[in-house]
Amino acid sequence: MNYFSYGDILVYIAFMYSFLSSWEQIGFFISEFGLGGACRKYRPEKSGDIMGLDSIRDTFEGKFWFEKLNQASKEEIDHGNIQAGIPFAALLSVIEMAMLAASFLIYDQWDNVRWLLKYRIAYAVLLSASLIFLGRCICYRNGRHTEHGYVQRTVYSYILICIFFGIYISVLDYGRSYGIMTFVTMEVMTFGLFLLQPLFSVLIIAASFILFVSLINKVSPVTTGTAVNLIFLCMGIVVITMVRFRLQLRMLDINEKLIRSFSEDTLTGMKNRVALREDRRKYVGSDVVSMMIDLDDMKFYNDIYGHDAGDEILSEFGKITISHFGFQGSYRYGGDECLIVLRDISIDDFVQKTESWKADFYQCVWDKYRFHPTCSAGYAYGRAETPDDL
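Numbers given to residues run from 1 along each chain, matching the order in which its sequence is written. Where local features are concerned, this predicted model is filtered to residues with pLDDT of at least 70; where side-chain atom pairs are given and counted, the filter is 80 or more; whole-chain, interface and lining totals use all residues. For the side-chain quantities, the full set of heavy atoms in the structure was used; hydrogens and water were omitted.

Enquirer: Explain the packing of aromatic side chains to me, and be specific about the residues and the numbers.
Expert: In summary, the pairing rule links any two rings of Phe, Tyr or Trp, Trp by its six-membered ring, whose centres are within 6.5 Å, and it sorts them by plane angle into stacked for under 30 degrees, edge-to-face for over 60 and tilted for everything else. This model, assessed by the stated rule, comprises 16 aromatic pairs. Between Phe88 and Phe194, the ring centres sit 6.0 Å apart and the planes meet at 80°, which makes this aromatic pair edge-to-face. Taken together, the positions of Phe88 in helix H4 (residues 71–105) and Phe194 in the loop between helix H7 (181–193) and helix H8 (198–219) put the pair 106 residues apart, joining distant regions of the chain. Comparing Phe88 with Phe194, the two get one shared label, buried. Ring-pair connections join several aromatic residues into one group, and the members of that group are Phe317, Phe325, Phe350, Trp357, Phe361, Tyr362 and Tyr379. Sitting over the ring of Phe104, Arg120 keeps its end group 3.9 Å from the ring centre. Each helix corresponds to a stretch of at least 4 residues labelled H or I by DSSP, and each strand to a stretch of at least 2 residues labelled E; elements are numbered beginning at the N terminus. Think of it in three bands: with a 1.4 Å probe and only protein chains considered, a residue is buried below 20% of the maximum accessible area for its type, exposed above 50%, and partly exposed in between. Throughout this description, the term charge over a ring refers to an Arg CZ or Lys NZ atom that lies within 6 Å of the ring centre and within 35 degrees of the ring normal.

Enquirer: Explain the environment of Leu69 to me, and be specific about the residues and the numbers.
Expert: For Leu69, the location among the structural elements is in the loop between helix H3 (53–60) and H4. Discounting residues that sit within four places of it in the chain, Leu69 has contacts with Lys74, Ile77, Gln197, Phe245 and Leu249. We call two residues contacting when some pair of their heavy atoms lies within 4.5 Å.

Enquirer: So what's going on with unusual backbone geometry? Which residues, and what values?
Expert: For Ser177, which is not glycine, the phi dihedral falls at a positive 65°. Mapped onto the fold, Ser177 is located in the loop between helix H6 (148–175) and H7. You will see that Asp297, though not glycine, has its phi angle at about 60°, which is positive. Take Asp297: it is sitting in the loop between strand S1 (287–295) and helix H11 (298–305).

Enquirer: Explain the side chain of Ser208 to me, using residue names and the numbers behind them.
Expert: Among the secondary structure elements, Ser208 is positioned in helix H8. N or O atoms within 3.5 Å of each other form a polar contact, as long as, within protein, one can give a hydrogen and the other can take it, and as long as residues adjacent in sequence are counted only when both atoms are side-chain atoms. Side chain to side chain, Ser208 and Glu187 meet in a polar contact 2.9 Å long. Once residues within four sequence positions are removed from consideration, Ser208 is found in contact with Ile163, Ile167, Phe183 and Glu187.

Enquirer: Talk me through the pattern of salt bridges; I want residue IDs and the actual numbers.
Expert: Here, a salt bridge means any Lys or Arg side-chain nitrogen found within 4 Å of an Asp or Glu carboxyl oxygen. Taken as a whole, this structure holds 5 salt bridges when the rule is applied. Put simply, Lys271 and Asp279 hold a salt bridge, and the shortest N to O gap is 2.8 Å. The exposure class assigned to Asp279 is buried, which follows from its relative accessible area of 14%. For Arg383, the salt bridge identified is with Asp287, shortest N-O distance 3.4 Å. One end of the pair, Arg383, is in strand S4 (residues 375–383); the other, Asp287, is in strand S1, and 96 residues separate them in sequence. Of the residues examined, Arg383 reaches a relative accessible area of 45% and is grouped as partly exposed.

Enquirer: Before we move on, can you summarise helix H9 (residues 224–263) with the specific residues and values?
Expert: Spanning 40 residues, H9 covers 58 Å between terminal C-alpha atoms, matching the ideal 58 Å at 1.5 Å per step. Along H9, the positions that sit buried rather than exposed are Leu230, Cys234, Ile237, Val238, Thr241, Phe245, Leu249, Leu252 and Ser263. Looking at the buried side of H9, the elements it contacts are H4, H7, H8 and helix H10 (273–279). Every helix has an expected span of 1.5 Å times one less than the residues it contains.

Enquirer: Describe the layout of surface pockets, listing the residues and the values that go with them.
Expert: Buriedness of a pocket was judged along seven lines, with at least five required to meet protein on both sides within 12 Å; pockets are open sets of points on a 1 Å grid over the protein atoms alone, cavities are sets where a 1.4 Å probe fits but cannot get out, and lining residues have an atom within 4 Å of a point. Grid points are joined across faces, edges and corners, and a volume is the space filled by probe spheres set on the points. Here the largest pocket is characterised by a volume of approximately 660 Å³. Taken together, 22 residues form the lining of the largest pocket, with Ala72, Glu256, Ile259, Arg260 and Gln328 sitting closest to its centre. Of all the secondary-structure elements, those providing two or more residues to the lining of the largest pocket are H4, H9 and H10. A total of 8 residues in the lining of the largest pocket trace back to one element, the largest contributor, which is H9.

Enquirer: Before we move on, can you summarise the pairing of strand S3 (residues 337–343) with the specific residues and values?
Expert: Most of S3 sits out of view: 5 of its 7 residues are buried. Two strands qualify as a pair provided that DSSP identifies no fewer than 2 bridges between them. Relative to S3, S1 is paired through 7 bridges, and the arrangement is antiparallel. Paired with Ile293 across the strands is Cys338, a residue of S3. Direction of pairing for strand S2 (residues 330–332) relative to S3: antiparallel, over a ladder of 3 bridges. When the bridges of S3 are listed, Tyr331 appears paired with Leu339. The loop that links S2 with its antiparallel partner S3 comprises 4 residues.

Enquirer: So what's going on with the confidence of the model for the chain? Residues and values would help.
Expert: What pLDDT reports is the predictor's confidence in each residue, on a scale of 0 through 100. Of all residues in the chain, 79% have pLDDT values of 70 or greater, and the mean over the chain is 79. Looking over the chain, one finds the lowest element-wise mean pLDDT in helix H2 (residues 23–32), namely 45, and the highest in H7, namely 92. Contacts for the low-pLDDT stretch residues 17–53, under 50 throughout, to residues beyond four places or in other chains number 70 contacts. Here residues 59–64 is modelled with pLDDT under 50, and outside its nearest four sequence neighbours on either side it reaches 6 contacts, counting other chains as well.

Enquirer: Could you give an account of the sheet that holds S1, naming the residues involved and the relevant values?
Expert: The sheet built from 4 strands is open, its strands ordered S2-S3-S1-S4 with antiparallel pairing. Two strands in the sheet have a free side with no partner beyond their single neighbour: S2 and S4. Neighbour to neighbour, the strand axes of the sheet diverge by 20° on average, direction disregarded. The angle between two axes is taken between their N-to-C directions and runs from 0 to 180 degrees, where each axis is a line fitted to C-alpha atoms and a helix contributes only its stretch in contact.

In structure tokens, the structure reads:
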């Protein structure tokens, strides 16, 4: 059995790294579910770059198969990974509990207790990780700790644990001539269910296959046929992962365009009244400032200079307004009426923004029409207790 000691060390180190990278999840799980307050000190208020993902992202963003994602795409990918992870982690939890129970029932039938202990440790590690991941997923669905960085670290650390489990169990099985199906199953399931950045997928898949082949080769020399099959499997998983990611981005882009076509005014670039009806709920419980703006003499400009002149005024007005008040709280309410809704802002800051916005807008002069537009506005400040308060 000495030939396997090197593999034990490598995989135990990998297990420990993956599990320690999930320590933030463990503290979160214990504190959230009321199992004790001691672990709160291990969960910082602001998640740090525990696994180095933020540093890698900053270095490779937009390069080497690393897609630059907008906030909406990040949220959709996080939501998809959590939704896929819940049944996967639940299934693994049931299987590992069954395997642990079976290992105790057949204890007398094992001729080597040391090997049985190795299996038990692996089952216990994956069971613990799956339960922690399930708890994290449930909290995400309840709207708690949904930050992209936190969700990303949760998913990646769980994937690493699953992959190292597959490697470890398959190396044990290979030494007993039982095949390598656990490793293959874990690779296919994790990369088939979870959606990862192509760069990370390639690195993780390549590293896991190299580690696995090196370990089983120490147990028994790998045949040419097995090596070729593993290479093709590795390449196939990489291609499938990259294609899935690209297709998902295209779907998200199409969905975003469809949503914008229903909720965004194409002329001004502001949100429309459909978006306002949807957004009213998010202002409930917050101190908000609402300002109604009416562009002066728009009928006169349309009648005298034509509707193209009116469209130019509205378009320029929308750009200036969004630049000062932001897109999220800027709405085109009617033909020449616009609504600004800002939350959690002081009156002094709002007045300062308004003065800056008014100065920029009044500097607009259309030389070919020989006029500059004006507008009238009024605002109210208060706390929105219900959606109708707006």
